[in-house]
Amino acid sequence: GDSVTQMEGPVTLSEEAFLTINCTYTATGYPSLFWYVQYPGEGLQLLLKATKADDKGSNKGFEATYRKETTSFHLEKGSVQVSDSAVYFCALNSGGSNYKLTFGKGTLLTVNP
Amino acid sequence: DAGVIQSPRHEVTEMGQEVTLRCKPISGHNSLFWYRQTMMRGLELLIYFNNNVPIDDSGMPEDRFSAKMPNASFSTLKIQPSEPRDSAVYFCASSLVAGTSYEQYFGPGTRLTVT
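What counts and how
- Residues numbered from 1 in each chain as written.
- Chains lettered and ligands numbered in written order.
- Predicted model: local features only at pLDDT ≥ 70, side-chain atom pairs only at ≥ 80, totals over all residues.
- Heavy atoms only, no water.
- Helix = DSSP H or I, 4+ residues; strand = E, 2+ residues; numbered from the N terminus.
- Phe/Tyr/Trp six-rings, centres within 6.5 Å; stacked < 30°, edge-to-face > 60°.
- Buried < 20%, exposed > 50% of the residue type's maximum accessible area, 1.4 Å probe, protein only.
- Polar contact = N/O pair within 3.5 Å; in protein donor to acceptor, adjacent residues only side chain to side chain.
- Contact = heavy atoms within 4.5 Å.
- Salt bridge = Lys/Arg side-chain N within 4 Å of Asp/Glu carboxyl O.
- Nonpolar A, V, L, I, M, F, W, Y, C, P; charged D, E, K, R; others polar.
- Pairing = 2+ DSSP bridges.
- Axes fitted to C-alpha atoms, helices over the stretch in contact; angles between N-to-C directions.

Novice: Sorry if this is basic, but what is going on with unusual backbone geometry here?
Specialist: Glycine aside, the phi torsion of most residues is negative, and most peptide linkages are trans. At the junction of B:S7 and B:P8, the peptide bond is cis and its omega measures out at -10° in the coordinates. Look at the link from B:Q80 to B:P81: it is a cis peptide, with omega at -10°. Mapped onto the elements, B:P81 comes out in the loop between strand 8 (74-79) and strand 9 (88-95). Even without being a glycine, A:K60 presents a positive backbone phi close to 55°. Positionally, A:K60 belongs in the loop between strand 7 (56-59) and strand 8 (62-65). Notably, A:T71 is not glycine yet its phi reads approximately 40°, a positive angle. Note on placement: A:T71 falls in the loop between strand 8 and strand 9 (75-77).

Novice: Whenever I open this one, the packing of aromatic side chains confuses me. Can you help?
Specialist: Within a pair of aromatic rings, the relevant descriptors are the distance that separates the centres and the angle that separates the planes. Under the counting rule described, the total for this entry stands at twelve aromatic pairs over all chains. Measuring from centroid to centroid gives 5.6 Å for A:F62 and A:Y88, while their planes differ by 40°, and the two rings are tilted. Separated by 26 residues along the polypeptide, A:F62 in strand 8 and A:Y88 in strand 10 (residues 86-93) bring together distant segments of the chain. Taken as a pair, A:F62 and A:Y88 share a single burial class, namely buried. Through a chain of ring-to-ring contacts, three or more aromatic side chains come together here, namely A:F34, A:Y36, A:F89, A:F103, B:Y35, B:F91 and B:F106.

Novice: It is not clear to me how the environment of B:W34 should be interpreted in this structure. Could you clarify?
Specialist: Residues and elements named next belong to chain B. Mapped onto the secondary structure, W34 falls in strand 4 (residues 31-38). Residue class for W34 comes out buried when judged on its relative accessible area of 0%. When the C-alpha atoms of W34 and G109 are compared, they prove to be 10.0 Å apart, with 75 residues separating the residues in sequence. Side chain to side chain, W34 and S75 meet in a polar contact 3.0 Å long.

Novice: Would you take a moment to explain the interface of chain B and chain A for this structure?
Specialist: Often the size quoted for an interface is simply the accessible area lost on bringing the parts together. Contact with chain B, which involves 21 residues of that partner, is made by 21 residues of chain A. Connecting chain B to chain A are two salt bridges. Where A:K49 meets B:E103, a salt bridge forms, and the shortest distance between an N and an O atom there is 2.9 Å. Our enumeration of links across chain B and chain A arrives at four residue pairs in polar contact (both at pLDDT 80 or more). When residues of the side of chain B that touches chain A are traced back to their parent elements, those giving at least two are strand 4, strand 5 (42-50) and strand 10 (105-106) of chain B. Considering only residue class, the side of chain B that touches chain A consists of eleven nonpolar, seven polar and three charged.

Novice: Honestly, the sheet that holds strand 7 (residues 65-71) of chain B in this entry has me stumped. Any pointers?
Specialist: Strands belonging to one sheet form pairs held by backbone hydrogen bonds; the direction of such a pair is parallel or antiparallel. Residue and element names in this part refer to chain B. Ordered in space as 1-3-8-7, the four strands form an open sheet in which the pairing is antiparallel. Looking at the sheet topology across the chains shown, the edges are occupied by strand 1 (5-7) and strand 7. Going from strand to strand, the sheet's axes swing by 15° on average, the running direction of each strand aside. Bridge count for strand 3 (residues 19-24) against strand 8 is five bridges, and the pairing is antiparallel. From the neighbouring strand, R22 faces strand 8, where its bridge partner is T76.

What follows is the structure in structure tokens.
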């Protein structure tokens, strides 16, 4: 079945540091891949997505590239801010008649000033 | 555009009481999902609907939980009777499933505390 594995947190960085959160997946077919962000006390928000191999999703300075050969979708940001402190979830959908998202367990990011 | 709307935002109730959580999906979306989030178990999918029909309820923990979607703009999740272990944040999400688009949009959640 479908599964998503994220690096375990928590991740603590200083402001302006480079961020990578690793995500690998197992899925049938050609899944769509997503990163969601959850700020404290809020629901999950879609951060970016990619629907086919070699696609790069980007938003708010975050990027992730769909790598089919390594079944990965790592999240990166060149310079984090305190306001990026949140929990980040990697997710996939394997398509067809399966409408569900399979989520990773989430990675807590804390950015210190 | 209004996002997914959930009510109430906070609910505190005593063990044994009935609890009803409500959700209004984004207009035009055809799928609706109920999730539960706790520190111990993380984010769990409870049930989802497509075109108002329940498709997969395998995540519903037990018979005390039930969900309905009487029309495209409203869904409820009911717990009867409630127990302290049901304390969690419950999220509703909606999606327009079309082509390769499967992203879900989440509501702000209902924080349920059962004492």
